[in-house]
Amino acid sequence: MPTTTMTQPLPRSSTSQSLRRLIASLAITILCTINLYYNIYNLDGDLLKDIARSYLHPIHNNGQIEREQGFFDDWGASNSEMNKLKNISLPHGSFFFGPDSHQVDIPESDVFDPSASWSSLQHELLDDDSDAINVELEKKRCATYDFGFPDATMPLKRRRLFYGALISGDSAEVIKATSMEQYNIYHTVSLIESNTTQNLTPKKWRFFGSKDASKELNWLYQLFGPKTKVSVDYYVTSQRKDQIDGDELLIEYFQREGHSYRWKFNGMRPDDIAIIADIDETFSRDFLRALQICDVPQFRPGQSCREPKVLGSTLIFESSPECAWKGRRWFHPDAILGECADQIGDTKLHPPTKRDRWESHGTRLDYYGHDNEYTYYDTKVLADLNMEGQGPLWLPHDFRREEGGEDAWKNDEWESPTAYHFHNFFMSGEEVRFKYSTYGHADSKALVKSLRHIHADGDIMLAVMCALGNHTEDTESSFESIAGTSRPIYYLNKEARQARHSMWQDIVRRDEEMYGQSNDIDDYYEEEEDEDEEDDDEEDDEEADEDQEDDEEEDEDQEGEDEEEK
């Protein structure tokens, strides 16, 4: 393993060191809390008090939301406007469906052309949406991924692609990077926002309820190209923390269910393709084109829907295009045929399975399709219907959660990737800390940790070291050094690469100046834990001494009684 030389600090007394760490911990906690409170929540001064005594009521049949007085003081105006939207109520919450980009008139002041900033190379790669199909070019493309080409019995046409991702505080940088790769390819882009994080921390709507929100929404409508219907829909959960049993990803699972309804509204058919991703993930443009036209076994009609997925072999960038993992791949996005997707496929051919929430929501139960094991689904669902071999329809979160499909990569000497993950491309250290302290698998100490120690054994540490110029055997030395023939189109622009990397270096530099290279805050917590352990040991010793004294007194009493009896 490579080693990093660290400058040793001057020795200090343990008392002064502990005091410094305690003061640093308190100061950083206060600063981070104030920053998050004013810059991220931006809500009324009574918010924290109200949250402590408030909860979200169940959703009524008309889809309207009721909250106790005080919970989200900005909710009143937004509530009345949001209830005018088309909505669907489910046991776990409600979805409110906004218009798509083809149904709105964008004010002239908000109109822009994303292609105006493209380089000549980007224009060449992105101007590929001709209705005419170049057979020889497409045959070569399909062979690149070990896919066949449609024969005479198969229609020679491009499949329609429908995309779904959750959206929250994701940076404009990462949305521009993924949307450029997808420009004018998707029929529908379904984005869903919520007013809580995965661990139910409240947050303000980003794309609803204000002039700034409208401007951001109009910007988003135009990024994916004029041929794509882009929508932002809204999810409000009815769940409380005590109802999710510590499984914070449940809220994500519930929120993703809205995609299949949006796809259905937009006319998705069983022969279309459904793709689920995070907003910072995307298939490469070349692979998306291959999915549209090649003979992909998982996309042939008449699927059992037990193993319907095509998964990406995904190149991971950490916080900067100059910081890529070497020899490590991610495995999302995920694509399946429409006939296997919830709300699109036929439930008579694919009977519903059993799940852990209200039987039809949440994770599949063991042996009902969870982890691709169908024993009980076969014997207790299909057998009663005189069916065999079929699988259930897939909820959007199943795409990512369940097994059943094949990875795809380029058939070249590098097994070049078919997708990209722009991980943690945030615009400040505070945004990184907010994510890790409030989303799935939240770290309760993230607000007071240096960036390098938030995820010390992996992602953020790699990104910090890369920003400081300390590359290891696990990282590429630069964007140009990445092996293979796949590169994200957005970062083929050298200026865009340099701008993002410089920003990340500045974020790390400021963080290192504030926290130092050693993780004093973590050391403080460790010292506190050691002190607690010492206190516990002392208490144990005292209890042992007391027990011994009691035993000795009992022995003396017993001896006295024996003497009296004699």
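Residues numbered from 1 in each chain as written. Predicted model: local features only at pLDDT ≥ 70, side-chain atom pairs only at ≥ 80, totals over all residues. Heavy atoms only, no water.

**Student:** Run through the state of the cysteines, naming residues and quoting values.
**Tutor:** The full count for this structure, using the stated rule, is three disulfides. The residue that forms a disulfide with Cys-142 is Cys-294, at a sulfur-sulfur distance of 2.0 Å. Residues Cys-142 and Cys-294 are joined through a disulfide that is left-handed, its torsion about the S-S bond being -95°. You can see Cys-142 sitting in helix 5 (residues 135-144) and its partner Cys-294 sitting in the loop between helix 10 (285-293) and strand 8 (309-312), a full 152 residues away along the chain. Residue class for Cys-142 comes out buried when judged on its relative accessible area of 1%. Cys-294 sits in the buried class, given a relative accessible area of 0%. For Cys-323, the disulfide goes to Cys-466, at an S-S distance of 2.0 Å. Looking along the S-S bond of the Cys-323-Cys-466 disulfide, the torsion reads about -85°, which is the left-handed sense. (Disulfide = S-S within 2.5 Å. Helix = DSSP H or I, 4+ residues; strand = E, 2+ residues; numbered from the N terminus. Buried < 20%, exposed > 50% of the residue type's maximum accessible area, 1.4 Å probe, protein only.)

**Student:** Explain the sheet that holds strand 7 (residues 281-283) to me, and be specific about the residues and the numbers.
**Tutor:** Strand order in the open sheet made by the four strands is 7-15-9-10, with mixed pairing throughout. In this open sheet, the two strands that pair with only one neighbour each are strand 7 and strand 10 (324-330). This sheet shows a mean twist of 25° between the axes of neighbouring strands, independent of strand direction. In this structure, strand 7 lies alongside strand 15 (residues 419-423), joined through three bridges in antiparallel fashion. Each residue of the ladder has a partner; that of Thr-282, found in strand 15, is Tyr-420. (Pairing = 2+ DSSP bridges. Axes fitted to C-alpha atoms, helices over the stretch in contact; angles between N-to-C directions.)

**Student:** So what about the packing of helix 6 (residues 172-181) against helix 7 (residues 211-223)? Which residues, and what values?
**Tutor:** Here helix 6 crosses helix 7 at 25°, and the two axes come no closer than 10 Å. Considering the angle they form, helix 6 stands roughly parallel to helix 7. Residues Ala-172, Ile-175, Lys-176 and Ser-179 of helix 6 form the contact with helix 7, whose participating residues are Trp-219, Leu-220 and Leu-223. Of the residues contributing to the contact of helix 6 with helix 7, the split by class is five nonpolar, one polar and one charged. (Parallel < 35°, antiparallel > 145°, perpendicular 65-115°, else oblique. Contact = heavy atoms within 4.5 Å. Nonpolar A, V, L, I, M, F, W, Y, C, P; charged D, E, K, R; others polar.)

**Student:** Lay out the pattern of salt bridges in plain terms, naming residues and giving numbers.
**Tutor:** Scanning the entire structure with this criterion turns up 30 salt bridges. Between Lys-215 and Asp-110 there is a salt bridge; the shortest N-O distance is 2.8 Å. Linking Lys-215 in helix 7 with Asp-110 in the loop between strand 2 (93-97) and helix 4 (120-126), this pair joins segments that are 105 residues apart in sequence. Under the relative-accessibility criterion, Lys-215 is labelled partly exposed at 46%. We note a salt bridge from Asp-459 to Arg-328, for which the minimum N-O separation is 3.4 Å. With a gap of 131 residues between them, Asp-459 in helix 15 (residues 459-467) and Arg-328 in strand 10 connect regions that are remote in the sequence. (Salt bridge = Lys/Arg side-chain N within 4 Å of Asp/Glu carboxyl O.)

**Student:** So what about unusual backbone geometry? Which residues, and what values?
**Tutor:** A cis amide bond links His-332 with the next residue in sequence, Pro-333, at an omega value of 10°. In this fold, Pro-333 is placed in the loop between strand 10 and strand 11 (334-337). Here the phi dihedral of Gln-343 falls at roughly 75°; this positive angle occurs in a residue that is not glycine. Within the secondary structure, Gln-343 is located in the loop between strand 11 and strand 12 (355-357). For Asn-372, which is not glycine, the phi torsion reads 65° and is therefore positive.

**Student:** An account of the confidence of the model for the protein is needed here, citing residue identities and associated values.
**Tutor:** With 76% of its residues at a pLDDT of 70 or more, the protein has an overall mean of 83. Predicted confidence is poor over residues 1-15, with pLDDT under 50, and the contacts of this stretch with residues over four places away or in other chains come to eight contacts. A low-confidence stretch, residues 519-528 stays under pLDDT 50, and its non-local contacts, those more than four residues away or across chains, total 20 contacts. (pLDDT = per-residue confidence, 0-100.)

**Student:** Explain the pairing of strand 13 (residues 361-364) residue by residue, including any values.
**Tutor:** In terms of strand pairing, strand 12 meets strand 13 through two bridges, oriented antiparallel. Bridged to Arg-357 within strand 13 is His-361. Counted along the chain from strand 12 to the antiparallel partner strand 13, the turn is three residues long, and its residue Trp-358 has a positive phi close to 55°.

**Student:** Which residues make up the layout of surface pockets, and what are the values?
**Tutor:** Within this model, the second largest pocket holds a volume of roughly 610 Å³. Residue lining of the second largest pocket: 24 residues in total, with Leu-125, Asp-128, Arg-141, Arg-285 and Asp-286 positioned closest to the centre. Counting residues per element, the ones that place at least two in the lining of the second largest pocket are helix 4, helix 5 and helix 10. The element that contributes the greatest number of residues to the lining of the second largest pocket is helix 5, accounting for five residues. A per-class count over the lining of the second largest pocket returns seven nonpolar, five polar and twelve charged. (1 Å grid on protein atoms, 1.4 Å probe; cavity = no way out; pocket = protein on both sides within 12 Å on 5 of 7 lines; lining within 4 Å. Points joined across faces, edges and corners; volume = space filled by probe spheres on them.)

**Student:** Outline the side chain of Glu-318, supporting the account with residue identities and numerical values.
**Tutor:** Within the secondary structure layout, Glu-318 lies in strand 9 (residues 314-318). For the buried residue Glu-318, which engages in no salt bridge, the nearest side chain bearing the opposite charge is Arg-328, 5.0 Å off. In terms of polar contacts, Glu-318 uses its side chain to reach the side chain of Trp-325, at 3.1 Å. Aside from chain neighbours lying at most four places away, what touches Glu-318 is Cys-323, Trp-325, His-423, Asn-424, Phe-425, Asp-459, Leu-462 and Ala-463. (Lys, Arg positive; Asp, Glu negative; His and termini not counted. Polar contact = N/O pair within 3.5 Å; in protein donor to acceptor, adjacent residues only side chain to side chain.)

**Student:** An account of the sheet that holds strand 6 (residues 273-276) is needed here, citing residue identities and associated values.
**Tutor:** What holds strands together in a sheet is hydrogen bonding between their backbones, with the strands either parallel or antiparallel. The sheet built from nine strands is open, its strands ordered 1-2-5-4-3-6-11-8-14 with mixed pairing. Looking at the sheet topology across the chains shown, the edges are occupied by strand 1 (86-90) and strand 14 (405-408). The mean angle between the axes of side-by-side strands here comes to 20°, regardless of whether they run parallel or antiparallel. Relative to strand 2, strand 1 runs antiparallel, the two sharing five bridges. Paired with Lys-86 across the strands is Phe-97, a residue of strand 2.

**Student:** Summarise the packing of aromatic side chains; cite the residues concerned and give the values.
**Tutor:** Tallied over the entire structure, the rule returns 24 aromatic pairs. Ring centres of Trp-263 and Phe-399 lie 6.3 Å apart, and the angle between their planes is 40°; on these two criteria the pair is classed as tilted. One end of the pair, Trp-263, is in helix 9 (residues 258-265); the other, Phe-399, is in helix 12 (residues 396-401), with 136 residues separating them in the sequence. This pair shows no difference in class: Trp-263 is buried, exactly as Phe-399 is. Ring centres 6.4 Å apart and planes at 35° place the aromatic pair Tyr-420 and Phe-422 in the tilted group. No difference in accessibility class separates Tyr-420 from Phe-422, as the two residues are buried. A cation over a ring is seen here: Arg-306 above Tyr-374, with NZ or CZ 4.3 Å from the ring centre. Taking NZ or CZ as reference, Arg-487 lies 6.0 Å from the ring centre of Phe-479, over its face. (Phe/Tyr/Trp six-rings, centres within 6.5 Å; stacked < 30°, edge-to-face > 60°. Lys NZ or Arg CZ within 6 Å of the ring centre and 35° of its normal.)

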